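# Fold and geometry: a report
Spelled out, the chains give:
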Amino acid sequence: MLLTALVIVGTLLILASIYSISDNLIQIEAKKQGIDTKKNNLSLAPSFKDFFGKPAPANIDPKNYHNLKKGHDIKLAGAATGFIIKAAVSRYALKPTDYRGIAPIPRMEVEVGEDVKAGQAIFFDKTNPDVKYVAPVSGELVELRRGAKRAITHLVILADKEIQYAQSTPPALNAERAKLVEYLMSSGAWPLINQRPYDVIASATQIPANIFISTFDTAPLAPDLSVSIAGKEMAFQKGLDVLNKLTSGSVVLGVDGRLGKSPSTAYTHAQGVEIHYFNGKHPAGNVGVQIHHTKPIKGSKTAWTLKPEDVATIGQLFINGTYDASRVVAVTGAQVHHAQYLQTYVGASLDELLKGNLKEIEDTRIVEGNVLTGDLAGQDDFLSSKTTQITTIKEGNYNELFGWLLPVTPRPSVSNTFPNFLLASHKFEADTNTHGEKRAFVVTGQYEKVLPMDILPQHLMKAIMTGDIERMEGLGINELSEEDVALCEFACTSKMPLQNILRDGLDLMREQG
Amino acid sequence: MGLLNFLKKIEPDKKKSPFLHTLYDGFFTFAYAPATTTKAGGVHIRDGMDLKRTMVFVVLAMQLAYVFGTYNIGHQHFVAMGQYLGFLEGFHLKLSHGLIKLLPIFIWTHVVGLGIEFWFAAKKGHPIEEGFLVSGALIPLIMPPDIPIWILCVAVAFAVILGKEAFGGTGMNIWNVALLARVFVFFAYPTSISGDEVWVGGFEKAIPGAMVDYGWAHNIFNSLFGWLDIAQFDFGASIADSFSGATPLALASKGGWAAVTEQFSIAQMWWGTIPGSIGESSKPLILLGAAMLLITGIASWRIMLSMVLGCAFMGMLFNAWDATPFMSVPWIYHFYMGSFFFAMAFMATDPVTASSTNTGKWIYGFSIGVIGLLIRVFNPAYPEGWMLAILFMNTFAPLIDHYVIEGNMKRRMAPPSKVMNPIQSATADINETSVTYE
């Protein structure tokens, strides 16, 4: 009896040692050859990941496939569907307020009443006079609206029926970097480039470590960016080629890796770029999250971020020297009759885009962008250049009897105290009610559940509130932009204004340099 | 909408009577969710979850413990007299005696606690916060049934004023408010609540032969029962000779597991028909509440799981050491005695006083498990450690978080893998950052 036990244990020990030694030999050999054993999983032992977590689809290099577990998809009613319809819009506006980091009263290059061409410079910022801000369409500059403290808010253009383009001569792609930058600035393409940290217009004095483009949007009711890029594939590729000349690192494309999605070949077959696939719930499509999982921003390094259609605009400039401000806008939300895609240009009039489509004017909120990060549209407003989405939702200015305890109407929530898991395919008609009052931070860990980044959002927010710059930086404020914490703000039990807090922190960081 | 219009009509003036307005606001937002909408510059839709809902779900999770605890007060009372030994025998008597004992504790806790909350809210000009909803529901459950009401009131006032409002109100406190009330009673009035005496309520003294201590409330119930022609409270009854009044933990500290099983069966301890604090005794009902908190995601599973692991680890360590009778109690039975599950489900998981980082929660829960059992086994005066262990770890939670945060910062600030000498790295910086274009 004892003998058999000894024999069994002995055999097992011998087998284990053979296994262990051979595994070690592989590791040593790999190290000699300079192969990263962890990344390539060069081990006889299956790693933890092999048992749990989804494997990457067969055609994708597992190194470039990121399966994000955290996050939450807010399912709202009114997603845009169908063909792209050409919108009949006569008025467009350039909004200086769209550009973060410029003075509130920019210098005008054109007077009210003058005619402009698409791509002609309209204004510039006095601190950075080389960067021009250009007209999206041709026509007559008919109105200059001012807001608080005489800041210019809208420059309204009455568009020509047939758009006239201002012609410029692009430099060759193999020109030196300075020439390319100069052309991007004078042609009006520079403001399309955002820079992290701070999420502001890119600084010309710093070469970005990498350039990131997220080619899908996971926000509620967000437009399908594969639809928007259709017909602009060549311009997009050209834009990527240009961007490749501007960075010391690489251009990184974040592509939709979710099940059942078929991203445009403009993205999946892009040349000269690093393609990373992301699978997960919102905010997997946020460029900040993608940066965090590919090449995180560290130290004094900066990164640039662009939207796919903006890349195509840059590409078009280098193809024939014209500024193509055409955009596909998704009109979404439960308050429109037809949620649809509209073909128009940057800065189109919201009134004209929504003409005859709204179910009711009263008690409807029009949001430029998605419900998490969008701007509240004012009276007779124009679509911001930052977004290609309009969301319409009901205002929620009503009292609800025991609304906190027994909600009568279904509402989106990350919390399991609502039986939303029973309504897996339900599309919510959310309204703007806050569903509660603001409180101090009480619940912990709820932000971490919806933010797929190695960041402690609550502690970061507290550091910002107390103005502790060292801690803000240490906790990763430079990796974040408002859109990344927007879902945390939605989920917040204490109804904290996280996006405002984060922006205060980013502004403070930028002031301190 | 008649009620809504009526409520809006009677709103008191904020300037003339701030206290009344605060009170009104508290009750109005309780009845109706406010009509506020999201503002520009943030999200446009908000999650349906708010602090009221969070808190009330914790209170709901405790309700089974409340129902059982109330009945168990009566059950223990009659078992001490040797009457109605079956659990459901004398149902109406046990229930009414339980209510007579519990209701004053519940009501006075809320009168004192909420009164102080309202007063501070009015004084500071902020809306009434929901923190006391949970504290107020927890405090009666962790008190002995025979606690003098004045001691209870002083304890609640101490916990709310010094434990919470002094730090700035809900969300700012360092220690668990309910446990502070309990620890205040424990340290300030040791003679009147410690020992085996107080765990069975309704007698002049908890020794064999002592007379029952009934009051006017029992008289009222008696006339009702007389009218219904069912059994009544017997004002001449006294405690049976076989009564000891000791809790399982007190027995275990004296004579180990053998002494415990002499008096109580394992099933009794598990189902909770034993003397103890009002809400702590029934393990399955508490676990149901814990399951509700875990499913709804309100309480942290990390804290609960790590606390079980910590307690089990320490129990096994003691079993291996085996120096005193209490140490030799099989580790699994530590879960059957005392209030481990209650502390785990409702006390340690308080998000304000627990560690706020996910890594920190593992350390925090595990340490509570270890320290709590340490106190239970080594402290002869008070063989229950969770209260002290949780308060102790509350104190250290910020320190744990501090190191977790430092770790996160270090990870981010990690120097580049290639180590350069200072001159090289300085020139590299210049090359990278100060490229200008003329």
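Please read all numbers here as calculations on a predicted model, not as lab measurements.

## Let's talk about the overall build of chain A
- Across its full length, chain A carries 14 helices and 21 strands.
- For a compact globule of 513 residues, the expected C-alpha radius of gyration is about 24 Å, and chain A comes in at 26 Å, within 12% of that figure.
- Expressed along its principal axes, the backbone C-alpha trace of chain A runs to roughly 105 × 65 × 50 Å.
- Here chain A holds 513 residues, and the buried ones make up 49% of them.

## Here's the deal with the packing of helix α5 (residues 91-124) of chain B against helix α6 (residues 131-141) of chain B
Residue and element names in this part refer to chain B.
- The geometry of α5 relative to α6 is characterised by a closest axis approach of 9 Å and an angle of 150 degrees between their N-to-C directions. The orientation of α5 with respect to α6, classified from their angle, is roughly antiparallel. The hand of the α5/α6 crossing is right-handed. Two secondary-structure elements touch here, α5 through L102, I105, F106, T109, H110, G113, L114 and E117 and α6 through F132, S135, G136, I139 and P140.
- Classifying every residue of the contact of α5 with α6 gives seven nonpolar, five polar and one charged.

## Some thoughts on the domain arrangement of chain B
All names here are of chain B.
- Partitioning chain B into structural domains gives domain 1 (12-30 + 50-245) and domain 2 (247-405).
- Centre-to-centre separation of domain 1 and domain 2, based on C-alpha positions: 22 Å.
- Contact residues are listed per partner, giving 37 residues for domain 1 and 32 residues for domain 2.
- When residues of the side of domain 1 that touches domain 2 are traced back to their parent elements, those giving at least two are α3 (51-61), α4 (63-80), α6 and α8 (177-188).

## Some remarks on the nonpolar core
All names here are of chain B.
- Counting 223 residues, the largest nonpolar core has A181, A345 and I390 as its most contacted members.
- Ranked by residue count, the leading element in this core is helix α17 (residues 386-413), at ten residues.
- Aside from chain neighbours lying at most four places away, what touches A181 is I139, A155, V156, F158 and A159.
- If you look at the next biggest cluster of nonpolar residues, it comprises twelve residues, including F78, V79, V200 and A206.

## Observations concerning the domain arrangement of chain A
All names here are of chain A.
- Partitioning chain A into domains gives domain 1 (59-412) and domain 2 (434-512).
- Contacts between the two partners involve 25 residues from domain 1 and, on the opposite side, 20 residues from domain 2.
- Here the element with the most residues in the side of domain 1 that touches domain 2 is helix α7 (residues 287-294); it accounts for four residues.
- Grouping the amino acids of the side of domain 1 that touches domain 2 by side-chain chemistry returns eleven nonpolar, nine polar and five charged.

## Regarding unusual backbone geometry
Residue and element names in this part refer to chain A.
- Of the consecutive residues R196 and P197, the connecting peptide bond is found in the cis state with omega at -5 degrees.
- You can see P197 is positioned in the loop between β10 (194-196) and β11 (200-201).
- Despite not being glycine, F402 shows a phi value in the positive range, around 50 degrees.
- Mapping F402 onto the fold places it in the loop between β21 (400-401) and α10 (446-450).
- Residue classification places F402 among the partly exposed positions, given that 13 C-beta atoms sit within 10 Å.
- Of note, the phi angle at H435 is positive, near 50 degrees, even though the residue is not glycine.
- Position of H435 relative to the elements: it lies in the loop between β21 and α10.

## Observations regarding the sheet that holds strand β16 (residues 326-333) of chain A
Residues and elements named next belong to chain A.
- In spatial order, the strands read β2-β17-β16-β20-β18-β19; together these six strands make up an open sheet with mixed pairing. With partners counted over all chains shown, the strands left at the sheet margins are β2 (81-86) and β19 (375-376), one partner each.
- Direction of pairing for β16 relative to strand β17 (residues 340-345): antiparallel, over a ladder of six bridges. Across the sheet, V331 pairs through a bridge with Q340, a residue of β17.

## Thoughts on the confidence of the model for chain B
All names here are of chain B.
- When pLDDT is averaged across chain B, the result is 87; 92% of the residues are at 70 or more.
- Confidence drops under a pLDDT of 50 for residues 417-438, and excluding neighbours within four residues, the segment shows 14 contacts in the predicted structure.
- Predicted complex metrics record ipTM = 0.87 and pTM = 0.87.

## Some remarks on the environment of D350(B)
- As for its position among the elements, D350(B) is in the loop between α15 (340-347) and α16 (358-378).
- You can call D350(B) buried: it has 25 C-beta atoms within 10 Å.

## A few points about helix α11 (residues 457-465) of chain A
- Burial analysis of α11(A) places seven of its nine residues in the buried class, the great majority of the element.
- Looking at α11(A), one finds that the buried residues are P457(A), Q458(A), H459(A), L460(A), M461(A), A463(A) and I464(A).
- Buried-residue contacts for α11(A) involve α10, α12 (469-474), α13 (482-491) and α14 (498-512) of chain A together with α17 of chain B.
- Just downstream of α11(A), G467(A) is the residue with a positive phi angle, here 70 degrees.

## Some thoughts on the pairing of strand β18 (residues 364-368) of chain A
Residues and elements named next belong to chain A.
- The buried fraction of β18 is high, at four of five residues.
- Here five bridges tie β18 to strand β20 (residues 389-394), and the two strands are oriented antiparallel to one another. Opposite E368, over in β20, you have I390 as the bridge partner.
- As judged from the two bridges shared by β18 and β19, these two strands associate in the antiparallel manner. Its bridge partner being in β19, V367 is matched across the sheet by L376.
- Between β18 and the antiparallel strand that follows it, β19, lie six residues; G369 among them carries a positive phi value of about 115 degrees.

## Here we look at the packing of α4(B) against α5(B)
Residues and elements named next belong to chain B.
- For the pair α4 and α5, interaxial distance at closest approach is 7 Å and the crossing angle is 115 degrees. As summarised for this structure, α4 and α5 are arranged roughly perpendicular, according to the angle between their axes. Of the two elements, α4 crosses α5, and the hand of that crossing is right-handed. Two secondary-structure elements touch here, α4 through T70, Y71, I73, G74, H75, H77 and F78 and α5 through L93, K94, L95, H97, G98, L99, K101 and L102.
- In terms of residue class, the contact of α4 with α5 is made up of seven nonpolar, six polar and two charged.

## Some thoughts on the sheet that holds strand β14 (residues 274-279) of chain A
Residues and elements named next belong to chain A.
- The sheet built from seven strands is open, its strands ordered β1-β14-β13-β12-β15-β10-β11 with mixed pairing. Each having just a single partner strand, β1 (65-67) and β11 make up the two edges of the open sheet.
- Sheet topology places β1 next to β14; three bridges connect them, and they run parallel. Its bridge partner lying in β14, N67 is registered against N279.

## Details of the pairing of strand β7 (residues 128-134) of chain A
All names here are of chain A.
- Looking at chain direction, strand β6 (residues 121-125) and β7 are connected through four bridges and run antiparallel. Its bridge partner lying in β7, F123 is registered against Y133.
- Connecting β6 to the antiparallel partner β7 that follows it, the hairpin turn spans two residues.

## Regarding α3(B)
- Burial analysis of α3(B) places eight of its eleven residues in the buried class, the great majority of the element.
- Those residues of α3(B) that are buried lie in contact with α6 and α13 (283-295) of chain B.

## What about the interface of chain B and chain A?
- At the interface, 54 residues of chain B touch 68 residues of chain A.
- When residues of the side of chain B that touches chain A are traced back to their parent elements, those giving at least two are α2 (18-31), β1 (32-33), α3, α17 and α18 (422-433) of chain B.
- For the side of chain B that touches chain A, the residue count by class is 23 nonpolar, 21 polar and ten charged.
- One ladder, built from two bridges, connects β21(A) with β1(B); its direction is antiparallel. By the bridge assignment for β1(B), L401(A) is matched with Y32(B).

## Let's talk about the environment of A79(A)
- Among the secondary structure elements, A79(A) is positioned in the loop between β1 and β2.
- Excluding residues within four positions of it along the chain, A79(A) makes contact with L221(A), T332(A) and A339(A).

Reading the values: the criteria
- Residues numbered from 1 in each chain as written.
- Chains lettered and ligands numbered in written order.
- Predicted model: local features only at pLDDT ≥ 70, side-chain atom pairs only at ≥ 80, totals over all residues.
- Helix = DSSP H or I, 4+ residues; strand = E, 2+ residues; numbered from the N terminus.
- Rg over C-alpha atoms; globule rule 2.2 N^0.38 Å.
- Buried ≥ 20, exposed ≤ 12 C-beta atoms within 10 Å, placed from the backbone.
- Axes fitted to C-alpha atoms, helices over the stretch in contact; angles between N-to-C directions.
- Parallel < 35°, antiparallel > 145°, perpendicular 65-115°, else oblique.
- Left-handed = near helix turned anticlockwise from the far one by under 90°.
- Contact = placed C-beta atoms within 7 Å.
- Nonpolar A, V, L, I, M, F, W, Y, C, P; charged D, E, K, R; others polar.
- Domains from an automatic or database assignment.
- Core = buried A, V, L, I, M, F, W, Y, C linked by C-beta atoms within 7 Å.
- Pairing = 2+ DSSP bridges.
- pLDDT = per-residue confidence, 0-100.

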